[in-house]
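Residues per chain, in single letters:
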Amino acid sequence: MLLEFNNHGSKSAELAIISSSPEKSTIEENTIVGMEDDFNTILDRVTAQTDELTVIPIFGMGGIGKTTIARKIYDDSYIRSRFDKHAWATISKEYNERQMLLEVVSSITRSNQEMSNDQLMEIVYRCLKGRRFLIVVDDIWSTEAWDQMQRTFPNDDNKSRILLTTRLKYVGDYVSCPDFPPHCESFLTLDDSWNLYTGKFFKKDVCPPLLVDIGKHIVQRCQGLPLSVIVVAGLHGKMNPTYDNWEKVEENLLLGWRMTSTPYLIASLPKQTS
Ligand SMILES: Nc1ncnc2c1ncn2[C@@H]1O[C@H](COP(=O)(O)OP(=O)(O)OP(=O)(O)O)[C@@H](O)[C@H]1O
Ligand SMILES: [Mg+2]
C-alpha cells in the first residue's frame, strides 16, 4: 500500500490514496474539530440580508473538509429553520442531470423514477417557486455543469441560498457573485489535527505522555489536511501504540518527504496486531 500526500493548494495537489483498500469510505464518522471560523463566515453569508438568490461557493483541495462544513451548515437547526425547503445534491466529476434532479426531488418531495428529466425539472421548479430554499450542490467540477443546472432553481428574491462545494477555484469564481466571493476552506491547526488524531486513535482515553511528542510530529506531517490525519490514524489504529511503532511511522513519513519534497508515506508499516 502506498499513501501519497501531495502539496497543498492546486488540483494536482490533492491527496492521492494509491490503494485498493477503502479507507476513505469506511472510516467511521468522526467528531468534527475546529472549523469555527469557516462555519461563522459561511453562516454570515447564508443569513445575509441580500434578497437575491445567492450562490455561496466553498473551494479547497480534496479531503480538506468542504463536504463536512457544508453538511454542518445544512444540518444546523437554526439555519434549517430559516428555510422552507432543503435539498442536497452530490454532483461529482461526471455531471449527471438526471441523478441531480432525482436527488433534489427526493429531498423536497416524493420522487418518481419513471418521470422524464423535463418532468423532474418542472417538479423541482414548482416546489421551489415562491419558497425560500437552501440547496447544497456538493462536489461540482465544471462551469458547464453549473450552467446546465442553475436554470432549475427559481430566483424569487426571497433570500434563498445555494451552497456549492468544488475543488476548483475557477468554478467557485464563476458561480459566485461580487458580494460573496468564494470561501477558501481552511486547513486544520496543529491543535485541531492533534485532537482529531487522538480522538480517532484513543477515542475517549488520553494519549500516553510518552507518545505525545512523536505523535505531534506525525500529525504535523499531515499538514492540516483532515483526510490525511484520519487515514494515518486509521493505519495506526491497526498496530500497538508503542513508541517504537510510532517512531517507524514517523521515519516513513520523513523518508517520503525527503524523497519527494512532499509528505509521502510508504506504508511498509510495522506488522499489524489484531
Ligand atoms: N474539521 C474536521 N474534523 C473532523 N473530521 C474532518 C474535518 N474535516 C474533514 N474531516 C473528515 O475528513 C474527511 C474528508 O473530508 P471531506 O469529505 O469533507 O473533504 P472534501 O473537501 O469534501 O473532499 P473532496 O474534495 O474529496 O470531496 C472526511 O472523513 C471528514 O469526515
Ligand atoms: Mg467533498
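Look a little higher up for the structure.
Residues numbered from 1 in each chain as written. Chains lettered and ligands numbered in written order. Predicted model: local features only at pLDDT ≥ 70, side-chain atom pairs only at ≥ 80, totals over all residues. Heavy atoms only, no water.

Spatial strand order, 4-5-6-3-7: five strands in an open sheet with parallel pairing. Taken across any chain shown, the strands that pair with only one partner, and hence form the sheet edges, are strand 4 (85–90) and strand 7 (183–184). One ladder, built from six bridges, connects strand 3 (residues 54–59) with strand 6 (residues 161–166); its direction is parallel. Pairing of I58 across the sheet is with T165, part of strand 6. (Pairing = 2+ DSSP bridges. Helix = DSSP H or I, 4+ residues; strand = E, 2+ residues; numbered from the N terminus.)

What follows deals with unusual backbone geometry. The phi dihedral of D139 is positive, around 70 degrees, even though this residue is not glycine. Relative to the assigned elements, D139 resides in the loop between strand 5 (133–138) and helix 7 (143–150). Taking the relative accessible area as the measure of exposure, D139 reaches 22% and is therefore partly exposed. One non-glycine residue, D157, lies in the positive phi region at around 50 degrees. Its place among the elements puts D157 in the loop between helix 7 and strand 6. (Buried < 20%, exposed > 50% of the residue type's maximum accessible area, 1.4 Å probe, protein only.)

Within the fold, M61 resides in the loop between strand 3 and helix 3 (66–75). C-alpha separation for the pair M61 and F187, spaced 126 residues apart in sequence, amounts to 9.7 Å.

Below, the discussion takes up helix 11 (residues 226–236). Taken across its eleven residues, helix 11 has ten buried, putting it largely inside the fold. Within the sequence span of helix 11, burial applies to P226, L227, S228, V229, I230, V231, V232, A233, L235 and H236.

Attention now goes to the packing of helix 5 (residues 97–108) against helix 6 (residues 117–128). Closest axis-to-axis distance for the helix 5/helix 6 pair is 9 Å, and the angle between their directions is 40 degrees. Comparing their axes, helix 6 and helix 5 come out oblique. Crossing of helix 5 against helix 6: the hand is left-handed. When helix 5 is examined against helix 6, the residues E97, R98, L101, L102, V104, V105 and I108 are found in contact with a partner set consisting of N117, L120, M121, I123, V124, C127 and L128. Its residues assigned to classes, the contact of helix 5 with helix 6 shows eleven nonpolar, one polar and two charged. (Axes fitted to C-alpha atoms, helices over the stretch in contact; angles between N-to-C directions. Parallel < 35°, antiparallel > 145°, perpendicular 65-115°, else oblique. Left-handed = near helix turned anticlockwise from the far one by under 90°. Contact = heavy atoms within 4.5 Å. Nonpolar A, V, L, I, M, F, W, Y, C, P; charged D, E, K, R; others polar.)

Tallied over the full model, the rule gives eight aromatic pairs. Consider the rings of Y74 and W88, whose centres lie 5.3 Å apart with planes at 70 degrees: the pair is edge-to-face. Of this pair, Y74 sits in helix 3 while W88 sits in strand 4; the two residues are 14 residues apart in sequence, bridging distant segments of the chain. Classification of W88 by relative accessible area gives buried; the value is 9%. An angle of 45 degrees between the planes, with centres 6.4 Å apart, marks the rings of F133 and F153 as tilted. Of this pair, F133 sits in strand 5 while F153 is found in the loop between helix 7 and strand 6, placing the two residues 20 residues apart along the sequence. F153 sits in the buried class, given a relative accessible area of 5%. Through successive ring pairs, a cluster of aromatic residues spans W194, Y197, F201, F202 and W246. A cation over a ring is seen here: R71 above W88, with NZ or CZ 3.9 Å from the ring centre. Positioned above the aromatic ring of Y74, the side-chain terminus of R80 is 4.8 Å from the ring centre. (Phe/Tyr/Trp six-rings, centres within 6.5 Å; stacked < 30°, edge-to-face > 60°. Lys NZ or Arg CZ within 6 Å of the ring centre and 35° of its normal.)

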